[in-house]
Amino acid sequence: MAGRVEGKVAFITGAARGQGRSHAIRLAQEGADIVAVDICEPIDGVPYPLATEEDLRETVRSVEALDRRIVARKADVRDLGQLQAAVSEGVDQFGRLDIVCANAGISGRLDGSRDPELRVRRFDEVVAVNLSGVFRTIEATKRAVIDTGEGGSIIITSSLAALRTLGGPAGYVEAKHGVVGMMRGYATQLARHRIRVNSVHPTNVPTPMLLHDELYRVFRPDLENPTQADAEVAMAGMHLWPLPYVEAVDISNAVLFLASDEGRYITGVALPVDLGAAIK
């Protein structure tokens, strides 16, 4: 069934690569125009390279190759003004906003520092993006979705780490739990406008956030220099199905379902895409 979001406009954070780019492409394949934002700069305390402006341009090329329109801008989800400017430009160009994917997120250092000041700083860095950044994204977009007058869908990227007590760097698990409460609060507040609010909860997804040496060592502390293949053995052990991860498009398909009329009566739901990990 083609055209499941035909004529709609989607605002996506963290859209330069990884899951965000995948969401942009998948929604564009089904007829949506896209407003794509990404910080495209490093953030202190993140142990892997973040997306670049060239990555964001590749998202633009991918969407335009599908004959869909796209506005792409550098914007930091920690900065409400930057988000509001991107929303305004997108609405000026496309005339509406229907779908919001609050996808941007980071993972901090994983070295288990015992320095309280360092741990607090790392906690603040992660929460500023993964929790406060989601709040700012919704605050920057909700009026435009309301003003469209036809309801809409807000989808928050949470994590398996919000459904199981997984260990992790300071701030990550806490933030991912926090956005579930935020999702439920906004689902209640925005129901009168026929705006649905849900969260998706991926397990491992092979993006730069997952595929780096520091995280391989977390999965395989028994090895001095574990490889990706070594880490995948431990990753597979997390799941009911013995696979190390799902693909970004698997999360995008869940996002598409929640954004489309197929999910028109679904709100306030935390949807796992996790190979059964949440119940293992």
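If you're wondering where the values come from, they're calculated on a predicted model, not measured in any experiment.

1. As for the overall build of the chain
A count of helical and extended segments in the chain gives nine helices and seven strands. Taking 2.2 N^0.38 as the reference for a compact globule, 280 residues should give roughly 19 Å; the C-alpha atoms of the chain span a radius of gyration of 18 Å, in line with that estimate. Taking contacts inside the chain between residues at least 6 apart in sequence as the whole, the part at least 24 apart equals 75%. Carbon and sulfur atoms provide 50% of the accessible area of the chain, an area that totals close to 12400 Å². Across the chain, the mean location of the 31 positive side-chain charges is 5 Å away from that of the 37 negative side-chain charges.

2. What about helix H3 (residues 80–94)?
Taking 1.5 Å of rise per residue, the 15 residues of H3 would be expected to cover 21 Å, and the 21 Å separating its terminal C-alpha atoms lies within 8% of that figure. Residues Leu83, Ala86, Val87, Gly90 and Phe94 constitute the buried set of H3. The arc that holds the buried residues of H3, viewed along the axis, is 100°, so those residues lie on one side. Looking at the packing, one finds that the buried side of H3 touches strand S1 (9–13), strand S2 (33–38), strand S3 (70–74) and helix H5 (132–148). The distance from a side-chain oxygen at the start of H3 to the backbone nitrogen of Gly81 is 3.0 Å, and the residue carrying that oxygen is Asp79. Residue Gly95 follows H3 closely and has a positive phi angle near 85°.

3. A few points about the pairing of strand S5 (residues 152–157)
With six of six residues buried, S5 is to be regarded as a mostly interior element. Because side chains alternate across S5, one face comprises the buried residues Gly152, Ile154 and Ile156, and the other comprises Ser153, Ile155 and Thr157, equally buried. Bridge count between S5 and strand S6 (residues 195–202): six bridges; the pairing is parallel. Residue pairing across strands places Ile156 opposite Ser199, the latter belonging to S6.

4. Structural notes on the state of the cysteines
Applying the stated criterion to the full structure yields zero disulfides. For Cys40, which is in no disulfide, the shortest distance to another cysteine sulfur is to Cys101 and amounts to 17 Å.

5. Brief notes about the nonpolar core
Formed by 44 residues in total, the largest nonpolar core has its most connected members in Phe11, Leu97, Ile106, Ile156 and Val197. Of all the elements, helix H6 (residues 172–190) adds the most residues to this core, at nine residues. In contact with Ile106, other than residues within four places in its own chain, are Ile43, Val46, Tyr48, Leu50, Glu125, Val126, Val129, Asn130, Tyr172 and Met209. Grouped together as the second largest cluster of nonpolar side chains are 33 residues, Cys40, Ala72, Val205 and Ile251 included.

What counts and how
- Residue indices follow the written sequence of each chain, beginning from 1 at its first position.
- In keeping with the model being predicted, local features are shown solely for residues with a pLDDT of at least 70 and side-chain atom pairs are shown and tallied solely at 80 or more, while totals for entire chains, interfaces and linings include all residues.
- Side-chain metrics in this entry use all non-hydrogen atoms of the structure; hydrogen atoms and water are not considered.
- Only DSSP runs of H or I with at least four residues qualify as helices, and only runs of E with at least two residues qualify as strands; both kinds are numbered from the N terminus onward.
- With C-alpha atoms as the basis for the radius of gyration, the globule rule is written as 2.2 Å multiplied by the number of residues raised to the power 0.38.
- Any two residues whose heavy atoms approach within 4.5 Å at even a single point are treated as in contact.
- For the accessible areas, the method is Shrake-Rupley and the probe is 1.4 Å, while residue cover comes only from the protein chains on display.
- Neither His nor the chain ends contribute to the count of charged residues, in which Lys and Arg are positive and Asp and Glu negative.
- Charge coordinates come from a single atom per side chain, which is NZ of Lys, CZ of Arg, CG of Asp or CD of Glu.
- To estimate how far a helix should extend, the number of its residues minus one is multiplied by 1.5 Å.
- Exposed residues in this analysis have more than 50% of their type's maximum accessible area, buried residues have under 20%, and partly exposed residues fall in between, with area computed by a 1.4 Å probe over protein chains only.
- This arc is built from the directions going out from the helix axis to the C-beta atoms.
- Throughout this description, a polar contact denotes any pair of N or O atoms lying within 3.5 Å of each other; where both atoms belong to protein, one of them has to be capable of donating a hydrogen while the other can accept it, and for residues adjacent in sequence the pair is counted only when both atoms sit in side chains.
- Should DSSP find at least two bridges between two strands, the strands are regarded as paired.
- In plain terms, two cysteine sulfur atoms within 2.5 Å form what is called a disulfide here.
- The term nonpolar core refers to a set of buried residues drawn from Ala, Val, Leu, Ile, Met, Phe, Trp, Tyr and Cys, joined through side-chain atoms within 4.5 Å.

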